[in-house]
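A structural walkthrough
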Amino acid sequence: MRRIDQPKFSAADVFSTCISKVRKKDLKKRFESIIPDIESAEKSYKKLAEKSMLYTFSDDLCIRRNVTKEEMKAVYTQRMANSGGPGYEIYNLLKRGTFNRTCPICGQRKVSTLDHYLPKASYPSVVVTPLNLIPACPECNKMKLDDAAHTSEEETLHPYFDDLGSDRFLFAEVQNGEPPVINFFIDPPKTWDEKLAQKVKNHFISFELNLLYSMQAIDDIIGQAGFWYQLNKEDLKNQLSFQAESRRMAHPNSWQTAFYEGMSQDDWFCEKGFKKFIE
Ligand SMILES: [Zn+2]
């Protein structure tokens, strides 16, 4: 759940590059005739995304113009995402759009593909529009439904547009059960409007981030337990609080920030609870 910089390429440039080697004259002519449509679709996409209203984006390109959805999809799959395609260089540059190649959707796994925020099956006019192509890990890409959101409640975060600032919204707690679990949850700041709060919650659920972060946290406990065994409760609380502060400076809402902060405030976890994760 991280914001990333918007790509510098325009949709018309990317589309023109992708169709530059089309050999069939008729197809090339039809593609060239829709360049103004690609441009205007990008403009309205941007306007709507800035207002968190992409669920209202309507795409009638293939009804108005003489191109099919299959032809448009192939511009992406064969001429951009394919290593022999003229758009492949741009495809790779877009994938590099994140610091450390971390997937901006989950904030944990590594980027290996581009995800269409508005799915390519239903939105032909933005099939190669850079603002619609999000660097993503394979799991997040797979979890994304083929169906786009139709209401604001169904939307997930858009890494090029949604700025969550530095307010804390991700938290963690330990649940002392058999076995114990680390539970992550969203608690939005009071200053957020309801729409943004709902979007973040929906993103967290849709991409199963509680499960991902819980598993990472347990790996972390197992890896650090040898050191923690040597500390008394107060020293471990201080140690975790120090780690939370350091993580918060890097990313205020990474799972590590939430995890170390939550555990540093839990007496049971620091006294003996962490040992239950490795017994
Ligand atoms: Zn991911």
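Structural data are supplied above this passage.
These lines cover the structure that appears in this document, whether it is placed above or below. (Residues numbered from 1 in each chain as written. Predicted model: local features only at pLDDT ≥ 70, side-chain atom pairs only at ≥ 80, totals over all residues. Heavy atoms only, no water.)

Some thoughts on the overall build of the protein chain
What counts, and what does not: Per the convention used, a helix needs a DSSP run of H or I reaching at least four residues, while a strand needs a run of E reaching at least two, with both numbered from the N terminus. Relative accessibility decides the category of a residue: with a 1.4 Å probe and only protein chains considered, values under 20% of the type maximum give buried, values over 50% give exposed, and everything between is partly exposed. The contact rule is simple, with two residues in contact once any of their heavy atoms fall within 4.5 Å. Exposure was quantified through the Shrake-Rupley algorithm and a 1.4 Å probe, taking into account, for residues, occlusion by the shown protein chains and nothing else. Here the positive residues are Lys and Arg and the negative ones are Asp and Glu; neither His nor the chain ends is included. A charged residue contributes its charge at one atom only: NZ of Lys, CZ of Arg, CG of Asp or CD of Glu.
Secondary structure summary: the protein chain contains twelve helices and four strands in total. The principal-axis extents of the C-alpha atoms in the protein chain amount to approximately 75 × 40 × 30 Å. Expressed as a percentage of its 279 residues, the buried residues of the protein chain come to 50%. Contacts spanning at least 24 positions in sequence make up 69% of the contacts within the protein chain whose residues lie at least 6 apart. Of the roughly 14,200 Å² of accessible surface on the protein chain, a fraction of 48% belongs to carbon and sulfur atoms. In the protein chain, the 39 positive side-chain charges and the 39 negative ones have mean positions that sit 8 Å from each other.

As for the packing of aromatic side chains
Remark: the centre distance and the inter-plane angle together describe each pair of aromatic rings, the angle taken between the planes. Just so we agree on the cut-off: The criterion for an aromatic pair is that two Phe, Tyr or Trp rings (for Trp, the six-membered ring) have centres within 6.5 Å, with stacked assigned to planes under 30 degrees apart, edge-to-face to planes over 60 apart and tilted to the rest.
Enumeration according to the criterion identifies 16 aromatic pairs in this entry. Both rings, one in tyrosine 45 and one in phenylalanine 57, keep their centres 5.9 Å apart while their planes meet at 70 degrees; by these two values the pair is edge-to-face. Of this pair, tyrosine 45 sits in helix α3 (residues 35-50) while phenylalanine 57 sits in the loop between α3 and α4 (61-64); the two residues are twelve residues apart in sequence, bridging distant segments of the chain. For the pair tyrosine 45 and phenylalanine 57, a shared accessibility class is recorded, and that class is buried. Taken together through their ring pairs, the aromatic side chains of Trp228, Tyr229, Phe269, Phe274 and Phe277 make up a single cluster.

As for the nonpolar core
Quick note on the threshold: Nine residue types can take part in a nonpolar core, namely buried Ala, Val, Leu, Ile, Met, Phe, Trp, Tyr and Cys, and a core is a set of them joined through side-chain atoms within 4.5 Å. Domain start and stop positions are those given by an automatic or database domain assignment.
Ranked by internal contacts, the top residues of the largest apolar core, which has 58 residues, are Tyr45, Phe57, Leu118, Ile182, Phe184, Phe259 and Phe269. Looking at this core element by element, the count peaks at seven residues for helix α9 (residues 209-228). Looking at which domains feed residues into this core, each of domain 1 (11-154) and domain 2 (170-277) gives three or more. Contact partners of phenylalanine 57, with chain neighbours within four places excluded, come to Ala41, Ser44, Tyr45, Leu48, Leu118, Tyr123, Ser125 and Val126. Counting residues in each nonpolar core, the second largest holds 23 residues, with Leu27, Ile38, Leu61 and Val128 among its members.

Some details on the coordination of the zinc ion
Around a metal, the perfect tetrahedron of four donors has angles of 109.5 degrees, and the perfect octahedron of six donors has angles of 90 or 180 degrees. Defined as follows: Counted as donors are N, O and S atoms no farther than 2.8 Å from the metal, or 3.2 Å for Na, K and Ca; water is not among the atoms, and sites may therefore look incomplete. Four donors are marked tetrahedral only if all angles between them lie between 85 and 135 degrees, whereas four are marked square planar and six octahedral if opposite donors are more than 155 degrees apart and the other angles lie between 65 and 115; the remainder are marked irregular.
Protein coordination at the zinc ion comes from Cys103 (SG), Cys106 (SG), Cys137 (SG) and Cys140 (SG), with a distance range of 2.3 to 2.4 Å. In this structure, the zinc ion is coordinated by four donor atoms arranged in tetrahedral fashion, with angles at the metal of 98 to 116 degrees. Taken in sequence order, the residues that donate to the zinc ion follow the motif C-x2-C-x30-C-x2-C.

Notes on unusual backbone geometry
With an omega dihedral of 0 degrees, the bond running from glutamate 178 to proline 179 counts as a cis peptide bond. Locating proline 179 in the fold gives a position in the loop between β3 (170-175) and β4 (181-186).

Concerning helix α11 (residues 255-264)
Because the α-helix completes a turn every 3.6 residues, residues three or four places apart line up on one side. The buried fraction of α11 is high, at nine of ten residues. Listing the buried residues of α11 in full gives Trp255, Gln256, Thr257, Ala258, Phe259, Tyr260, Gly262, Met263 and Ser264. Turning to α11, the residues buried within the fold contact β3, β4, α9, α10 (233-250) and α12 (267-271).

A short note on the pairing of strand β1 (residues 113-116)
Selection criterion: The criterion for strand pairing is that DSSP finds at least two bridges linking the strands in question.
Side chains Thr113 and Asp115 of β1 all project onto a buried face; the interleaved residues Leu114 and His116 project onto the opposite face, where all are buried too. Relative to strand β2 (residues 133-136), β1 runs antiparallel, the two being bridged by four bridges. In the sheet register, histidine 116 faces β2, and the bridge partner there is leucine 133.

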